[in-house]
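Geometric and topological summary
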Amino acid sequence: MSSKKTNKRPPVRNGKNNGLSKKSVMLIVLIAALVLVIVALIILLNMWNSKPENQPQPAEPTKEATVEVAPEPTAEPEPQFTDVEFGSADYSKDFFSKDLFIGDSIAVGLTDYSKLDPANVAASVSLTPYKAHAEAITLSDGSSGTALSYAEGMQPERIFLMLGFNGLTSPNAMQGSFRDLMTKLETACPDSVIYCCSITPLTANSTAAASAGFGNENVRSFNEYLKTLSSELGVIYLDLNKHMSDDSGNLKAEYNEVDGMHLTSATYEYILSYIQRYITQAPEPEASSKAAGTLPPAQTTAPEQTTAAPEETTQSSPEQSEPESEGLSENYDKEFFENDLFIGDSITTGLSLYGALSPKNVAAAVGYTPYKAYNTEIPLGDGTNGTAFDYAVKMQPKRIFIMLGSNGITTASAMEDSYRTLLDKLAKKCPDSTVYLLSVTPVTSDSTTAEYSGITNTMITDFNKFIKSLADEKGLTYIDMYSLLSDENGYFLHEYAESDGLHFKGVTYKVMLSYIESLI
């Protein structure tokens, strides 16, 4: 049997399957077309953006910035008040029916010439800012009392101060008493608007000024202080001096009475007319006495600082506040000092003015120095006049506390001999009295009185070294009030300082007496 070979050939692919299919070709064509379209769109978009009119414009942001800044320069300025003219005699007595004028012999003319009712004037010949709150005068109702107490009882709508002539020979001493009077009036009459009238000018040949030892230069200098003080305390300052002076700065002849200082009857009408028109024409001059000055922000923020201070101390520095509250006790026995005498200046007067001690235990006056303590008479606690030294000799106190030095600190070396002389005199005439020397107390870091008077804590500490050495020399006790009332930087603690940064608050006298009592 023969076998037949089968020739097997590998399968041959159909010719139709060679190459790409139609579908594949079409897909490739579509993709290529899409790519071409995209490229064409990109080219067209670039060409469109390249045209200037299609470029982004920076003008709009610039306009927006301009709109934001525009309101500031277009804000309306505050109206500026220009002073009223002086010389009219047209005023209404009724306009001042609820007001009070406090002053010296110049203010006395308001009632002497019947320009105002006596009820609207609390004035006396030789009245000073200190006497206005510390010395009784005869009042319009026939009673006796201080101008301050009269104002407190009256609660006037406005208070006008016409003072200064009687303290021009010792301006530094009067600065502190003027400040004291203003602050006391603000406390006693919180709703009264306070005005401070400038000291009026003098004639070139004023006999009154010549005998008193001052002139128009002294007047102008102190008026600058009054203007600054008024601005600081929010008191309205009335510049009468400017309107009553001639081209040479002297009192115009038509306003002069006889002595070149006091005023004619008609002049008071001009003054009252000026004040009335100033009040009625000035833009909101009486919103409050605090808002009237040229530096109202200082007064606006002061109460907030005072209120916030305890919170800040409690939260941020409790370690400092605790020793202060423990060390500075206010508890003292008034009877402990019943047979004692404090000799001093305006700081010492506060012992009786604030009721910490009886007036009989205090012999002090504004501007007092060691020399004046045995050479210058002052009103004394027993109703008489005499020097503090004479009063000590008469009283023969158990203890004598001397608080002097502030008023001579700028020329401390000149005060050393008089301080030593005072002690020698006391040792001779009051042999049974124990004498204590108190250091001069510090000033605050922002004390306006110290800045104006040129006083620094360095001067004070240097003079305190002298007082201490003098106490050692005489075998007396030195009491360091400076360290007691100063902070870690040597400044007067604000919580115990008056607004002038030099004088004491009422509570400070309690602290002082408590400390002295604890030492003795």
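1. Quick notes on the sheet that holds strand S13 (residues 434-438)
Strand order across the open sheet formed by five strands is S9-S8-S12-S13-S14, with parallel pairing between neighbours. At either margin of the open sheet sits one strand with a lone partner, and together these are strand S9 (362-364) and strand S14 (477-479). Within the sheet, the average angular offset between the axes of one strand and its neighbour, ignoring direction, is 20 degrees. Alignment of strand S8 (residues 340-344) against S9, held across three bridges, turns out to be parallel. Along S9, the bridge assignment pairs Gly344 with Ala364. Its contacts with the sheet put helix H16 (residues 412-429) on strand S12 (399-403) and S13, and the angle it makes with S12 is roughly 170 degrees. Running at roughly 155 degrees to S14, helix H18 (residues 457-474) makes contact with S13 and S14 of the sheet.

2. Quick word on a nonpolar patch on the surface
A surface patch of nonpolar side chains, amounting to about 840 Å² of accessible area, comprises Leu27, Ile31, Val35, Val37, Val39, Leu41, Ile43, Leu44 and Met47. Relative to the elements of secondary structure, Leu41 occurs in helix H1 (residues 22-49). A relative accessible area of 53% places Leu41 in the exposed class.

3. Examining the packing of aromatic side chains
Per the counting criterion, the structure on display carries 26 aromatic pairs. Residues Phe86 and Tyr274 carry aromatic rings whose centres are separated by 5.8 Å and whose planes lie at 55 degrees to one another, so their mutual orientation is tilted. With a gap of 188 residues between them, Phe86 in the loop between helix H2 (59-69) and strand S1 (100-103) and Tyr274 in helix H10 (residues 265-281) connect regions that are remote in the sequence. Tyr274 matches Phe86 in its accessibility class, with the two residues each being buried. An aromatic cluster is built from Phe86, Tyr255, Tyr270, Tyr274 and Tyr278, whose rings are joined through pairwise contacts. The ring of Phe389 carries Lys425 above its face, with NZ or CZ at 5.9 Å from the centroid.

4. Side note on the packing of H16 against H18
For the pair H16 and H18, interaxial distance at closest approach is 11 Å and the crossing angle is 30 degrees. Considering the angle they form, H16 stands roughly parallel to H18. Of the two possible hands of crossing, H16 and H18 adopt the one that is right-handed. Here H16 contributes Ala412, Met415, Glu416, Tyr419, Arg420, Leu423 and Asp424 to the contact with H18, which in turn contributes Phe463, Phe466, Ile467, Leu470, Glu473 and Lys474. Here the residues of the contact of H16 with H18 are counted per class, giving eight nonpolar, no polar and five charged.

5. Some remarks on the nonpolar core
One finds Phe101, Ile102 and Phe178 to be the most contacted residues of the largest nonpolar core, which totals 71 residues. Sorting elements by how many residues they give to this core places H10 first, with seven residues. In this structure, Phe101 is in contact with Phe96, Leu110, Leu116, Asn120, Val121, Ala122, Phe160, Met162, Leu272 and Ile275, ignoring residues within four places of it in sequence. Counting 39 residues, the second largest nonpolar core, distinct from the first, contains Ala363, Leu380, Ile400 and Ile409.

6. Points about unusual backbone geometry
If you check the backbone angles, Ser114 has positive phi at about 60 degrees while not being a glycine. Residue position: Ser114 is located in the loop between helix H3 (105-112) and strand S2 (121-123). A positive phi angle, near 50 degrees, is found at Gln155, a position not held by glycine. Residue placement: Gln155 occurs in the loop between helix H5 (147-154) and strand S5 (158-162). Given a relative accessible area of 36%, Gln155 falls into the partly exposed group.

7. Side note on the environment of Leu485
Within the element layout of this structure, Leu485 appears in helix H19 (residues 481-485). Classification of Leu485 as buried rests on a relative accessible area of 0%. Residues Leu485 and Val511 lie 26 residues apart in sequence; the distance between their C-alpha atoms is 9.2 Å. Among residues more than four places away in sequence, those in contact with Leu485 are Thr441, Pro442, Tyr491, Phe492, Leu493, Tyr496, Phe504, Thr508 and Val511.

8. Concerning the confidence of the model for the protein
Mean pLDDT for the protein: 82, with 81% of residues reaching 70 or above. Throughout residues 1-6 the model reports pLDDT below 50, and contacts reaching past four residues in sequence, or to other chains, amount to zero contacts. Note on residues 287-326: pLDDT under 50 across the span, and 30 contacts to partners over four residues away in sequence or across chains.

9. A closer look at helix H13 (residues 346-353)
Of all eight residues that make up H13, six are buried, and the element is covered over most of its length. Among the residues making up H13, those that are buried are Ser346, Ile347, Thr348, Thr349, Gly350 and Leu351. A side-chain oxygen of the first residue of H13 lies 3.1 Å from the backbone nitrogen of Ile347; this N-cap is Asp345.

10. Comments concerning the sheet that holds S1
Strand order in the open sheet formed by five strands is S2-S1-S5-S6-S7, and the pairing between neighbours is parallel. Lying at the two open borders of the sheet, with one neighbouring strand each, are S2 and strand S7 (236-238). Averaged over all pairs of adjacent strands, the angle between strand axes in this sheet comes to 20 degrees, irrespective of strand direction. The pairing of S1 with S5 spans four bridges and is classified as parallel.

11. Observations concerning the side chain of Glu498
Here Glu498 shows up in the loop between H19 and helix H20 (506-519). Lys184 is the oppositely charged side chain nearest to the buried, salt-bridge-free Glu498, at an N-O distance of 5.6 Å. Not counting chain neighbours up to four residues away, the residues in contact with Glu498 comprise Tyr354, His503, Phe504 and Lys505.

12. Description of the pattern of salt bridges
Counted by the stated rule, this structure contains 11 salt bridges. For the salt bridge of Asp382 with Lys394, the shortest nitrogen-to-oxygen distance reads 3.0 Å. Of this pair, Asp382 sits in the loop between strand S10 (378-379) and strand S11 (385-386) while Lys394 sits in helix H15 (residues 388-395); the two residues are 12 residues apart in sequence, bridging distant segments of the chain. Residue Asp382 is classed as partly exposed on the basis of its relative accessible area, which comes to 39%. Owing to a relative accessible area of 51%, Lys394 belongs among the exposed residues under this scheme. Two residues, Glu473 and Arg420, come together in a salt bridge whose shortest N-O distance is 3.1 Å. Of this pair, Glu473 sits in helix H18 while Arg420 sits in helix H16, and the two are 53 residues apart along the sequence. Residues joined by salt bridges that share partners form a network here, namely Arg420, Asp424, Glu473 and Lys474.

Criteria and thresholds
- Residues numbered from 1 in each chain as written.
- Predicted model: local features only at pLDDT ≥ 70, side-chain atom pairs only at ≥ 80, totals over all residues.
- Heavy atoms only, no water.
- Pairing = 2+ DSSP bridges.
- Helix = DSSP H or I, 4+ residues; strand = E, 2+ residues; numbered from the N terminus.
- Axes fitted to C-alpha atoms, helices over the stretch in contact; angles between N-to-C directions.
- Contact = heavy atoms within 4.5 Å.
- Patch = residues over 30% accessible without salt bridge, like charges linked within 9 Å, V, L, I, M, F, W, Y side chains within 5 Å.
- Areas by Shrake-Rupley, 256 points an atom, 1.4 Å probe, with all protein chains shown as cover.
- Salt bridge = Lys/Arg side-chain N within 4 Å of Asp/Glu carboxyl O.
- Buried < 20%, exposed > 50% of the residue type's maximum accessible area, 1.4 Å probe, protein only.
- Phe/Tyr/Trp six-rings, centres within 6.5 Å; stacked < 30°, edge-to-face > 60°.
- Lys NZ or Arg CZ within 6 Å of the ring centre and 35° of its normal.
- Parallel < 35°, antiparallel > 145°, perpendicular 65-115°, else oblique.
- Left-handed = near helix turned anticlockwise from the far one by under 90°.
- Nonpolar A, V, L, I, M, F, W, Y, C, P; charged D, E, K, R; others polar.
- Core = buried A, V, L, I, M, F, W, Y, C linked by side-chain atoms within 4.5 Å.
- pLDDT = per-residue confidence, 0-100.
- Polar contact = N/O pair within 3.5 Å; in protein donor to acceptor, adjacent residues only side chain to side chain.
- Lys, Arg positive; Asp, Glu negative; His and termini not counted.

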